[in-house]
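Topology and contacts: notes
The primary structure of each chain is shown beneath.
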Amino acid sequence: MKVSYQWLTQYIDLDGYSAEELSEKLTSGGIEIDGIESRNKGVTGVVVGYVKSKAKHPDADKLNVCTVDAGGEEDLQIVCGASNVDAGQHVPVAVVGAKLPGGLNIKRAKLRGVESQGMICSAKELGINDKLLPKEQQEGILVLPSTSVIGTPIVEALGLNDEVLEFDLTPNRSDCLSMLGAAYEIAALTGQDVKLPDTAVYKTQEQASDAISVNIRTSECIHYAARYITGVRIAPSPLWMQNRLIAAGIRPISNIVDITNYVLLEYGQPLHAFDADKISGGNIIVRLAEPGEKLVTLDGQERTLEPHMLVIADKDKAVALAGVMGGLDTEVTEGTTNILLESAKFDGGTVRRTSRQLGLRSEASLRFEKEVDPERVIPALDRAASLIAEYAEGLVTSGIVEDRTHQPAAVTAVHVTLEKINRYVGTDLSDLEVKTIFERLHFAYEVRQENEYEVYVPSRRGDITRDVDLIEEVARLYGYDNIPTTAIVGDTTPGSLTNPQKIRRELRSLLTNTGLHEVVSYSFTAPARTALFTSLAEGARPVRLAMPMSEERSVLRTSLLPQLLEIASYNRNRSIDNAAIFEIGSVYHTDEETLTRLPQEKHRLAGLWTGSRSAVQWNAKAEPVTFYDLKGVLESVLSLLGLSGKVRFAAASPEHWHPGRTAELWIQTARGEEKIGVIGQAHPDVQREFDLADTYLFEIELAPLYELADTAIVYKTLPRFPAISRDIAVVVDSDVETGKLTAQIIETAGELLENVDVFDIYTGERLGQNKKSVALSLIYRHAERTLTDEEVSQLHTRIVEQLEQSFHAELRK
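Cut-offs used in this document
Residues numbered from 1 in each chain as written. Predicted model: local features only at pLDDT ≥ 70, side-chain atom pairs only at ≥ 80, totals over all residues. Heavy atoms only, no water. Helix = DSSP H or I, 4+ residues; strand = E, 2+ residues; numbered from the N terminus. Buried < 20%, exposed > 50% of the residue type's maximum accessible area, 1.4 Å probe, protein only. Areas by Shrake-Rupley, 256 points an atom, 1.4 Å probe, with all protein chains shown as cover. Lys, Arg positive; Asp, Glu negative; His and termini not counted. Charge placed at Lys NZ, Arg CZ, Asp CG, Glu CD. Pairing = 2+ DSSP bridges. Contact = heavy atoms within 4.5 Å. Axes fitted to C-alpha atoms, helices over the stretch in contact; angles between N-to-C directions. Polar contact = N/O pair within 3.5 Å; in protein donor to acceptor, adjacent residues only side chain to side chain. Parallel < 35°, antiparallel > 145°, perpendicular 65-115°, else oblique. Nonpolar A, V, L, I, M, F, W, Y, C, P; charged D, E, K, R; others polar. Phe/Tyr/Trp six-rings, centres within 6.5 Å; stacked < 30°, edge-to-face > 60°. Lys NZ or Arg CZ within 6 Å of the ring centre and 35° of its normal. 1 Å grid on protein atoms, 1.4 Å probe; cavity = no way out; pocket = protein on both sides within 12 Å on 5 of 7 lines; lining within 4 Å. Points joined across faces, edges and corners; volume = space filled by probe spheres on them. Core = buried A, V, L, I, M, F, W, Y, C linked by side-chain atoms within 4.5 Å. Salt bridge = Lys/Arg side-chain N within 4 Å of Asp/Glu carboxyl O.

With that settled, consider the overall build of the protein. Helix and strand counts for the protein come out as 19 helices and 40 strands. Principal-axis analysis of the C-alpha atoms places the extent of the protein at approximately 110 × 90 × 55 Å. Counting over 813 residues, the protein shows a buried share of 48%. Only carbon and sulfur atoms are counted for the fraction: they give 48% of the accessible area of the protein, which is about 40400 Å². Positive and negative charge centroids in the protein, built from 84 and 118 side chains respectively, lie 3 Å apart.

This part takes up the sheet that holds strand S33 (residues 647–651). Strands sit in the order S28-S31-S32-S36-S35-S34-S33 across an open sheet of seven strands; the sheet is mixed. With partners counted over all chains shown, the strands left at the sheet margins are strand S28 (517–518) and S33, one partner each. As defined by bridge partners, strand S31 (residues 579–589) adjoins strand S32 (residues 600–610) across 11 bridges and the pair is classed as antiparallel. Considered in S32, the bridge of His-589 is made with Gln-600. Set on the sheet, helix H14 (residues 561–572) makes contact with S31, S32, strand S34 (657–669) and strand S36 (695–701); between it and S32 the angle comes to about 35°. Lying on the sheet, helix H15 (residues 627–640) is in contact with S32, S33, S34, strand S35 (672–682) and S36; it crosses S36 at an angle near 25°.

With a phi angle near 60°, Glu-393 is a residue other than glycine that sits in the positive phi range. Along the chain, the position of Glu-393 falls in the loop between helix H9 (377–391) and strand S23 (395–398). For Glu-393, a relative accessible area of 46% corresponds to the partly exposed category. Despite not being glycine, Phe-533 has its phi angle at roughly 50°, a positive value.

This part takes up the environment of Tyr-456. Within the secondary structure, Tyr-456 is located in strand S27 (residues 452–457). Tyr-456 sits in the partly exposed class, given a relative accessible area of 24%. When the C-alpha positions of Tyr-456 and Arg-671 are compared, they lie 37 Å apart, and in sequence the two are 215 residues distant. Aside from chain neighbours lying at most four places away, what touches Tyr-456 is Val-411, Thr-412, Ala-413, Phe-443, Ala-444, Tyr-445, Glu-446 and Arg-448. A distance of 3.4 Å separates the side chain of Tyr-456 from the side chain of Glu-446, its partner in a polar contact.

Between two packed helices, what matters for the description is the angle formed by their axes and the separation of those axes. With their axes 10 Å apart at the nearest point, helix H11 (residues 431–440) and helix H12 (residues 467–478) run at an angle of 95° to one another. In this view, H11 runs roughly perpendicular relative to H12, as classed from their interaxial angle. Residues Glu-433, Ile-437, Phe-438 and Arg-440 of H11 lie in contact with H12, whose contacting residues are Leu-470, Glu-473, Val-474, Leu-477 and Tyr-478. Broken down by class, the residue content of the contact of H11 with H12 amounts to six nonpolar, no polar and three charged.

If you trace the backbone, Thr-354 turns up in helix H7 (residues 348–358). When its relative accessible area of 3% is taken as the criterion, Thr-354 is described as buried. With residues up to four places along the chain from it excluded, the contact list for Thr-354 reads His-308, Met-309, Leu-310, Leu-321 and Val-324.

All right, on to the packing of helix H2 (residues 19–28) against helix H4 (residues 179–190) then. It is the contact of H2 with H4, at a shortest axis distance of 10 Å, that shows an interaxial angle of 85°. Relative to H4, the element H2 lies roughly perpendicular. Residues Leu-22, Lys-25 and Leu-26 of H2 touch H4, and the partners they reach there are Glu-185, Ile-186, Leu-189 and Thr-190.

On to the packing of aromatic side chains. Counting across every chain of the model gives nine aromatic pairs. Centroid distance Trp-240 to Tyr-262: 5.5 Å. Interplanar angle 85°. Geometry classified as edge-to-face. Highlighted residues: Trp-240 in helix H5 (residues 239–247) and Tyr-262 in helix H6 (residues 255–267), separated in sequence by 22 residues. With relative accessibility at 31%, the residue Trp-240 sits in the partly exposed group. The exposure class assigned to Tyr-262 is buried, which follows from its relative accessible area of 2%. Ring plane angle 75° and centroid distance 5.2 Å describe the contact between Phe-533 and Trp-657, whose orientation is recorded as edge-to-face. Of the two residues, Phe-533 is situated in the loop between strand S29 (524–525) and strand S30 (555–556) and Trp-657 in strand S34; the sequence distance between them amounts to 124 residues. With respect to class, Phe-533 is no different from Trp-657; both count as buried. Cluster of aromatic residues (ring-pair linked, three or more members): Trp-7, Trp-240, Tyr-262 and Tyr-391. We note Arg-574 situated over the ring of Tyr-570; from NZ or CZ to the ring centre the distance is 3.6 Å. The ring of Phe-649 carries Lys-631 above its face, with NZ or CZ at 4.7 Å from the centroid.

Okay, empty space enclosed by the protein next. Scanning all chains against the criterion turns up two cavities of 30 Å³ or more. Empty space within the largest cavity amounts to approximately 50 Å³. Lining the largest cavity are Arg-173, Asp-175, Gly-181, Tyr-184, Glu-185, Ala-188, Arg-440, Leu-441, His-442, Arg-460 and Arg-461. Top contributing element to the lining of the largest cavity by residue count: H4, with four residues. Grouping the amino acids of the lining of the largest cavity by side-chain chemistry returns three nonpolar, two polar and six charged. Its residues assigned to classes, the lining of the second largest cavity comprises five nonpolar, two polar and one charged.

Within the largest apolar cluster, 79 residues are counted, with the highest numbers of intra-cluster contacts made by Leu-8, Leu-26, Phe-167 and Ile-256. The element contributing the most residues to this core is H4, with nine residues. With residues near it in sequence (within four places) discarded, Ile-256 still touches Val-232, Ile-234, Ala-273, Val-332, Ile-339, Ile-388 and Ala-392. If you look at the next biggest cluster of nonpolar residues, it comprises 35 residues, including Val-286, Val-324, Val-372 and Val-401.

This part takes up the sheet that holds strand S20 (residues 318–321). Taken together, the five strands give an open sheet; going across it, the order is S13-S16-S19-S20-S21, and neighbouring strands pair in mixed fashion. Since the sheet does not close on itself, it has two edges, and those belong to strand S13 (213–216) and strand S21 (325–326), each with one partner. Where S20 and S21 come together, two bridges link them in antiparallel fashion. Note on S21: the bridge partner recorded for Leu-321 is Met-325.

The element H5 is extensively covered by neighbouring structure, given that eight of its nine residues are classed as buried. Restricting attention to buried positions, one finds in H5 the residues Leu-239, Met-241, Gln-242, Asn-243, Arg-244, Leu-245, Ile-246 and Ala-247. Where H5 is buried, its residues contact strand S1 (2–4), helix H1 (5–8), helix H3 (154–157), strand S11 (163–168), H6 and H9. Positioned one or two residues after H5, Gly-249 has a phi angle of 85°, which is positive.

This next bit is on the pattern of salt bridges. This model, assessed by the stated rule, comprises 52 salt bridges. Here Asp-469 makes a salt bridge to Arg-466, at a shortest N to O gap of 3.8 Å. Residues joined by salt bridges that share partners form a network here, namely Arg-173, Asp-175, Glu-185, Arg-461, Asp-463, Glu-473 and Arg-476.

With that settled, the discussion passes to the side chain of Ser-254. In this structure, Ser-254 sits in the loop between H5 and H6. On the basis of relative accessibility, which here comes to 9%, the residue Ser-254 falls in the buried class. Beyond its immediate stretch of four places on either side in the chain, Ser-254 contacts Ile-234, Ala-235 and Ser-237.

Relative to the assigned elements, Ala-344 resides in strand S22 (residues 339–346). Classification of Ala-344 as buried rests on a relative accessible area of 1%. Leave out the neighbours within four places in its chain, and Ala-344 touches His-223, Tyr-224, Gln-269, Phe-368, Val-372 and Val-377.

By themselves these figures say nothing about function.
Okay, here's the thing in structure tokens:
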């Protein structure tokens, strides 16, 4: 079962859970995840475009010159060789600078002498499996619906900003063969609520029973329900629905077929749509096949049926193999206007036998074989009817025409005691904990006697019939890792520092050896101080002490920086103007006004440097400390932890920091890119408040560093071959970050580039308004041979061209 992460968010709040975290939680809860597949195979810079005109290429019969609106200031001229491109189409457009799967970078080019400013893409070029597209879209460029918004990133338009989890389900967990089933499982593991789809249906005054009838003539069909829908318009389904079907591995066909497949995936309840005008007399008869009876199925194959096979028939002939595949004669086609929509509960054993004998395995037969939820027959039917009314303009007649051979089964009630749960699992769970688990499972229950429960299992969980099944549910939701184990008997081992303790000890040694002094301040502060430097404490409320020593020490601190400023100010008032200090300590965050649970305690490292970087000497003047002095200290910390190059510095202007002289620190973790700190100059207003000269600060979270630190020392052999150095100076817009320039150079140059440094930045009137010149030194070296000037020149030229494309850089002469 392929489960789309973005689709799941329609039913359950997944904020705070990445696909990877969800996978870990599901696997630890008993639902194994085989893998996570990203739908985006490396597409960037591709947008929805509109082909305004198409003309033949002057020098090539098979090429067309298209004028395309891609949402930019000017239209683009693109040369396209696809036979199906035409004016008036919405198409995916890879603009200059875009990247496509396989490492393809889009550049300006000339095709037979005509300039092309991008590329109109096919599905395959976007990394989409074209076999999952409608047949008309499998050749040539991908044509998007006319409702597509020009300029929209294609990853949004095609739902490529999604990840798909592959559920590896055991036979007893057929309840997770649907999006709602997966949502219920995740809700149980995370304690969230499930939002059910809207199944409200607007119905006409006409009665469905006037047009169709249902008659079950065999016990192999438990329940058969049908709706009659008139006036449908066959067309492609909406793009969002096609995207979700493709993510699940199903090829879109038309709005009616896609809706039945969509509801099958959503509810786990197979549906089938018949062309109602091809059902003789409107009579649906569910029966066993006649000996030697023939049926041409939707795949065009004529099948010879046997008497044990369950069929759907009209008064003249069989029209479908129940639970396996529909018949070709009653297929929904472009000329269909009236529909008979089927939802049923067939015997799983009968469907399995038919499916295997004929070699027909389908998503529908898979679910019937594992026994679908009988309580979803009607909700799934109504859900599909409402979607057909909305997206196929169908008119749903009043009433559901149905027949049953079995009355709905009574709700399964399982009796279990707290004593038995704890005895079987080996835990000491309380009454409240067990009740909470039942509620997370969305199982109703009654307390019969003290610590005895009558649990009512919903029909979707047909695997739970005995108390041991229920005990297993309690165990897995409590967490297998939380179940106590027998203590290991053996010799004790000497104690040692934990990894965080080792890292803090190494940081203290590094910073003191660098020349900074360690300070230890109170964890308590004044309420006003918690309003300073809130960029790393967004939404946090100060924790007020019940019995504070004074108003200045009445709340727990949310940042280390206010105390460092107070210490620097205290020293300045005693004629000590130069201060280079740091603190490793805890801050405390909560989102509650009145505490009901413990606040979060977070380890932080903070530093402050103000005044001069060194004392005045007889032969040297005092040089004031700068942003880059403190940045160098922070970079030495990152180098010690093996994180050099893994932390991104991004310009920022958070409150209480100097705009233009501040950066945020970002690092990639298993949860995605996270902000871990801020470095910069204090805002002039803050400096005046504390009576300080230019003061530079940083504060970083230590928890991500504990997780990602790699202090292993890697040795390299000394280079045996000479290096070649080249300098380059480019003029770019003043808002282009030098870090992005160096990152682009590293990406373009590859392994031959040993080092790149910025050695000069110049601004002046000669460069023009809002321009700057960045001078960089590049060192090239090959590990196994001497590079030639020609190789280096070619690579250097490629770097310059890439900078021109990516940043509109101009080579400074």
